[in-house]
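Below are the chains, spelled out letter by letter.
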Amino acid sequence: MPSHISHALLVEDLLGAAGGEIGFDTKNPPESTIAHITADPRARSIAVLGAQGPDLFLHNHRRKPRGFRYGALLHRHGNADLLESLALSAAREDPETARATIAYSIGYITHIHLDRVCHPYINWSAGWRGTPDRDMDRPAMHPFLERCIDSVFLMHARGQDVPDFDFYGRLPERGVDLFALRRNIVAALQTALRSAPDDSRIERRIANAFADAYGFYRNTNAPTDDYFREARARERRGTVHHRWLSLVHPPSELVSVDVLNLDRRTWAHPCDESRQSDWSFLELYREALTRSIATVRLFLARVHEPELPASGEALAASVGPWNLNDGITQDPPCRRTYCDPLPLLELYHEIKSFYDHS
Ligand SMILES: [Zn+2]
């Protein structure tokens, strides 16, 4: 998964894609919904929340009962059924809840496609636990690379530094009532995942996951130089985990490695070395946007025509059954074997020591 800023940018770009070569026809009845969501700040913020996809549940570390496992499961399967359920809920709801459910779903669709398209590149470029070495920080290189990509891509695409983007400020305000939306998400989870219908505490879990995710996003939002210096000092005192840097966006100017692959280094799928590419992150992102627009069109058509089985089949085919971790197989994900990591461990230590001396 790219990290939360890239996911937010993709849904914002999608909502902005009215007209043009791959955009929406906002005069066409189902697609006109896009213009309404874009014009409604509450719906836009819900779309940014939806764009965090199942990662939202993965941030549920503190409050119990936890919804964490739904995050892991949805990275493996169930997303076509989940979106079908959300579309049918939106079709029966009052206009305000329908709009919130559609906005959330549009964001969620972009998450699916960006995860699938980018994960092979990220795994190839970061390695994973024990591969290609046993360095204790190797497992942290995956989230660290994702944060580096966020920072550099944000500067590339919008000319902004992370603190100026204010990711947390883009989410629905805490006072915004998400109860009806959460109810639809719970119903969708119960449709999509075999274990969910027996979970009597599922509503509490989902509410806890939202609350913990908000806490995580707030605590890591807009980090300043003082934040980094303090974190480094706390690391030395042993009061923060030494991998803290893998969860905070470094300033883009400190990322001296070509994390976007602008130099077009050849990379391959970690499960299949014959699937090679020299695509940069910009091309991967563009591909995810194109796929997302196609799926969102079919999602809106499904909300518009819930009685037509063909619209459900078309949506399911467009979402596809592939898992979000490798994008080419279903469940279980394929076995990762090949990688050729960027010098991320060196960069990671370089950034840490920068804040010892600045
Ligand atoms: Zn994800």
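Structure first, text after, so check above.
Residues numbered from 1 in each chain as written. Predicted model: local features only at pLDDT ≥ 70, side-chain atom pairs only at ≥ 80, totals over all residues.

Participant: Break down the overall build of the protein chain for me, citing the residues and quoting the values.
Facilitator: Counting its regular elements, the protein chain contains 16 helices and two strands. Computed over C-alpha atoms, the radius of gyration of the protein chain comes to 20 Å, within 12% of the 21 Å expected from 2.2 N^0.38 for 358 residues, which places it in the range of a compact globule. Along the first, second and third principal axes, the C-alpha atoms of the protein chain reach 60 × 45 × 40 Å. Counting all 358 residues of the protein chain, 45% fall into the buried class. (Helix = DSSP H or I, 4+ residues; strand = E, 2+ residues; numbered from the N terminus. Rg over C-alpha atoms; globule rule 2.2 N^0.38 Å. Buried ≥ 20, exposed ≤ 12 C-beta atoms within 10 Å, placed from the backbone.)

Participant: Outline the nonpolar core, supporting the account with residue identities and numerical values.
Facilitator: Counting residues in each nonpolar core, the largest one holds 91 residues, and the members touching the most others are Ala47 and Leu83. If one sorts the elements of this core by residue count, helix H7 (residues 95-126) sits on top with 15 residues. Other than its neighbours up to four places away in sequence, alanine 47 contacts Val11, Leu15, Ile37, Ala103, Tyr104, Ile106 and Gly107. (Core = buried A, V, L, I, M, F, W, Y, C linked by C-beta atoms within 7 Å. Contact = placed C-beta atoms within 7 Å.)

Participant: Tell me about helix H3 (residues 41-50), residues and numbers included.
Facilitator: Residue pairs spaced three or four apart in an α-helix point in one direction, given the helix's 3.6 residues per turn. Three or more residues of H3 are buried, namely Ala43, Ile46, Ala47, Val48, Leu49 and Gly50. In this structure, the buried residues of H3 make contact with helix H1 (4-15), helix H2 (29-39), H7, helix H10 (167-170) and helix H11 (179-192).

Participant: An account of the pairing of strand E2 (residues 272-277) is needed here, citing residue identities and associated values.
Facilitator: Counting buried residues in E2 gives zero out of six residues, a small share hidden from the surface. One ladder, built from three bridges, connects strand E1 (residues 267-269) with E2; its direction is antiparallel. Bridge pairing in E2 links alanine 268 to glutamine 276. Linking two consecutive strands that pair antiparallel, namely E1 and E2, is a turn of two residues. (Pairing = 2+ DSSP bridges.)

Participant: Tell me about unusual backbone geometry, and name the residues and values.
Facilitator: At the junction of lysine 64 and proline 65, the peptide bond is cis and its omega measures out at -5° in the coordinates. Inspection of the secondary structure assignment puts proline 65 in the loop between helix H4 (55-58) and helix H5 (68-74). Along the chain, threonine 131 connects to proline 132 via a cis peptide bond; the corresponding omega equals 5°. Mapped onto the elements of the fold, proline 132 is located in the loop between H7 and helix H8 (141-158). We note that asparagine 261 has phi near 55°; this positive angle belongs to a residue other than glycine. Mapped onto the elements, asparagine 261 comes out in the loop between helix H13 (225-237) and E1. Residue asparagine 261 is classed as buried on the basis of its C-beta count, with 21 C-beta atoms lying within 10 Å. If you check the backbone angles, arginine 264 has positive phi at about 55° while not being a glycine. Following the sequence through the fold, arginine 264 ends up in the loop between H13 and E1.

Participant: Quick rundown of the packing of H7 against H11? Include the residues and the values.
Facilitator: Close contact between H7 and H11 brings their axes to 9 Å; oriented N to C, the two are set at 55°. In this view, H7 runs oblique relative to H11, as classed from their interaxial angle. In this structure, the crossing between H7 and H11 has a hand that is right-handed. Contacts from Thr97, Ala100, Thr101 and Tyr104 of H7 reach H11 at Ala180, Leu181 and Asn184. (Axes fitted to C-alpha atoms, helices over the stretch in contact; angles between N-to-C directions. Parallel < 35°, antiparallel > 145°, perpendicular 65-115°, else oblique. Left-handed = near helix turned anticlockwise from the far one by under 90°.)

Participant: Before we move on, could you go through H2 and cite the residues and values that matter?
Facilitator: Looking at H2, one finds that the buried residues are Pro30, Thr33, Ile34, Ile37 and Thr38. Buried residues of H2 fall within an arc of 135° about the axis and therefore sit on the same side. Seen from the buried face of H2, the exposed residues on the opposite side, beyond 90 degrees, are Pro29 and Ala39. Contacts from the buried residues of H2 go to H1, H3, H7 and helix H14 (281-304). (Arc of directions from axis to C-beta.)

Participant: I'd like to hear about the environment of glycine 78, residue by residue, with values.
Facilitator: Looking at the secondary structure, you find glycine 78 in the loop between H5 and helix H6 (79-92). Judged by the 23 C-beta atoms lying within 10 Å of it, glycine 78 is buried. Spatially, the C-alpha atoms of glycine 78 and alanine 188 are 9.6 Å apart, while their sequence positions differ by 110 residues. Look past the residues within four positions of glycine 78 in its chain and what remains in contact with it is Leu73, Ala192 and Leu193.

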